[in-house]
Amino acid sequence: MAAIGSAVGLGNVWRFPYVCYENGGGAFLIPYFIALFTAGIPLMILEFSLGHWARRAPPEAFKKIKKKWEWIGWWTVLMPFAVATYYVVIMAWCFSYMVYSVDLHWGSQAEVFFKHFLGDTGTPLVVGSVSIPVLLGLIAIWLSIFLILYKGVDRIGKVVALTVPLPTVLLIILTIRGLTLPGAIEGVSYYLTPDFSSLGDVNVWLAAYAQVFFSLSIAQGIMITYASFLKKKSDINNNAFIISLADAGTSFLAGFTVFSVVGYLAATRGISIDALGSQIAGPNLTFITYPTAISLLPFAAAFFGVIFFIALLTFGIDSAFSMIEPISSSLHDKWGLTKTKATGIMCLFGFFLSLTFVGGNGLHLLSIVDHFIANFGLVMIGLVECVTLGWMYELYKLRNHANDTSDFQIGKWWELLIKYVIPTVLLTILIVSIYRNLIHPYMGYPWWVIATLGVIPLIILFTSSFVLMKIKVKKRGA
Ligand code: PHE
């Protein structure tokens, strides 16, 4: 349940629908499911069997295989921690918007309101002033993460029993409301009308793999950590299938939720959906387009606004704490810090780092950092996992471990996927992304901005993993 909570998050609601739409609509489901079965599920099985076999967080798990590999484990837990520092900021925006929904505070000018709310300066280079609502939201979210994690995994279990089903039910309610609006059918057919010619485009395939990686929270040390808490007898293969399919199902459903409302908005305005352009992706979708459509609803507008943001917050919170748990478990494993101390330190540190994004340039800083960490960080870790475990270790041992616990047995094909298919795809994604970024610097920003916010954080994360490996362990009691 916690793994489903980690996988299903903001990525399903605001990323999947437009990635799907941009890459061939209904036809995208073909590369998506192929990516899910050839890379997503196999890698999840790999991470589960490693964590379950080692019964430790990633640094100790990798160390258990080869002493020199401890840094890989640190690297896999530092990356999601870095993601958390800005993911939480988006959640803080949702938090404020949940409150604003009560009286549809944005009025008829959602775009102007969003800019005003952020104190947006329009560029990453001008800091502007601190947004107090965002700051308060951040405090609330980090505090919630701390309170959920500091007592250990039992509490995670209780929290996800609520925060996984609740937003799913809310999403279903929102979808039903969306689909019964005028224009909804046009919206949905816009989302799903297949463009089969897109299947010949390599970028579409890359987008499918990237979406699967991001959405399943794999290549992040998270699934290794969660599997280390599983009971000895847990069925690894079955779990990997269920979690991945639940995640894919939620994304697919969210497409209906989003595009029905997009269709409604276009119909009310008497414009084509194409004319909404960038309004259907990312922060614009959540904080401008959706609120605008909500305020046009004929009845109970505030109600639907509030439940939309509650759904996002509850979808997001279990992804957010899953990004902190691996590093705090690792600190606990290596230095014997209590769970409370380790979680407290990381939440406080994370809170200070997320302050980077509370200024009027927050949105822009956030999109640069996200662009680099999500596009490169994830792919590099996935690649290192496949290369080290697939090529420099007896991979069949992990396959045997997974099969020993599972009803459904995975065959030799799994090893072939880990050794050949996944690394090839990831390496291609990496090369293509580097090439694209060199040709067109992200958003046309100057190189020093890209280096400071994109490349340097990645280098810091990489080198820190070696530093953490080298720091000596003090003798501990038990
Ligand atoms: N899978 C999460 C989502 O879809 C995001 C995430 C990415 C979580 C990386 C953890 C690590 O929102």
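See above for the structure.
Along each chain, residue indices are assigned from 1 in the same order as the chain's sequence is written. Confidence filtering applies because this is a predicted model: local features only for residues at pLDDT of at least 70, side-chain atom pairs given and counted only at 80 or more, and all residues used for totals across whole chains, interfaces and linings. Side-chain descriptors were evaluated using all non-hydrogen atoms of the structure, hydrogens and water having been removed beforehand.

Participant: Mind showing me how you'd approach the packing of aromatic side chains here?
Facilitator: To describe a pair of aromatic rings, one takes the distance between the centres and the angle between the planes. Pairing of aromatic rings covers Phe, Tyr and Trp, the last counted by its six-membered ring, and requires centre-to-centre distances within 6.5 Å; plane angles under 30 degrees mean stacked, over 60 mean edge-to-face, and any other angle means tilted. One pass over the full model with this rule turns up 41 aromatic pairs. On the numbers, 5.1 Å between centres and 70° between planes, the contact of Tyr97 with Phe287 is edge-to-face. Taken together, the residues span a long stretch of sequence, with Tyr97 in helix α5 (residues 70-101) and Phe287 in helix α14 (residues 282-295) at a distance of 190 residues. Taking relative accessible area as the criterion, Tyr97 reaches 0% and is therefore assigned buried. The buried label goes to any residue with under 20% of its type's maximum accessible area, the exposed label to any with over 50%, and the partly exposed label to all in between, with areas taken from a 1.4 Å probe on protein chains only. Take Phe287: its relative accessible area is 0%, and that puts it in the buried class. When the centroid spacing of 5.4 Å and the interplanar angle of 85° are considered together, the rings of Trp391 and Tyr420 count as edge-to-face. Here Trp391, found in helix α17 (residues 362-391), pairs with Tyr420, found in helix α19 (residues 412-439); they are 29 residues apart in sequence, far enough to count as distant. Per the convention used, a helix needs a DSSP run of H or I reaching at least four residues, while a strand needs a run of E reaching at least two, with both numbered from the N terminus.

Participant: When you look at the pattern of salt bridges in this model, what are you seeing that I'm missing?
Facilitator: In a structure, side chains of opposite charge can pair up when their charged atoms sit close to one another. For this analysis, a salt bridge means a side-chain nitrogen from Lys or Arg found within 4 Å of a carboxyl oxygen belonging to Asp or Glu. Summed over the entire model, instances satisfying the criterion amount to 7 salt bridges. With a shortest N-O distance of 4.0 Å, Glu70 and Lys63 are connected by a salt bridge. For Glu70, a relative accessible area of 5% translates into the label buried. In this structure, Arg399 engages Glu415 in a salt bridge whose closest nitrogen and oxygen atoms are separated by 2.8 Å. Taken together, the residues span a long stretch of sequence, with Arg399 in helix α18 (residues 395-405) and Glu415 in helix α19 at a distance of 16 residues. Across the pair, exposure class does not vary: Arg399 and Glu415 are buried alike. One network of salt bridges, with partners in common, ties together Lys63, Glu70 and Lys334.

Participant: Can you help me understand unusual backbone geometry in this one?
Facilitator: Across residues other than glycine, the phi torsion is negative in most instances, and most of the peptide bonds are trans. A positive phi angle is found at Arg55, which is not glycine, with a value near 55°. Relative to the helices and strands, Arg55 resides in the loop between α3 (29-54) and α4 (58-65). Judged by relative accessible area, which is 26%, Arg55 ranks as partly exposed. The backbone phi angle of Ala219 is positive, close to 60°, even though this residue is not glycine.

Participant: Looking at this structure, how should I read the site of the ligand?
Facilitator: When at least one non-hydrogen atom of a residue lies within 4 Å of a molecule or strand, that residue is treated as near it. By nearness alone, 14 residues border the ligand, and Ala7, Gly11, Tyr87, Phe214 and Ser217 come closest of all. Here Asn12 contributes a side-chain N or O atom positioned 3.2 Å from an oxygen atom of the ligand. Note that a nitrogen atom of the ligand is positioned 3.1 Å from one of the side-chain N or O atoms of Ser217. Elements with a contribution of two residues or more to the shell around the ligand: α1 (2-7), α2 (10-22), α11 (202-216) and α15 (301-335). The element best represented in the shell around the ligand is α2, accounting for 3 residues. The classification used treats Ala, Val, Leu, Ile, Met, Phe, Trp, Tyr, Cys and Pro as nonpolar, Asp, Glu, Lys and Arg as charged, and all other residues, Gly among them, as polar. By residue class, the composition of the shell around the ligand is 6 nonpolar, 8 polar and no charged. The definition of a polar contact used here is a pair of N or O atoms within 3.5 Å, where within protein one atom must be able to donate a hydrogen and the other to accept one, and adjacent residues in sequence count solely through side-chain atom pairs.

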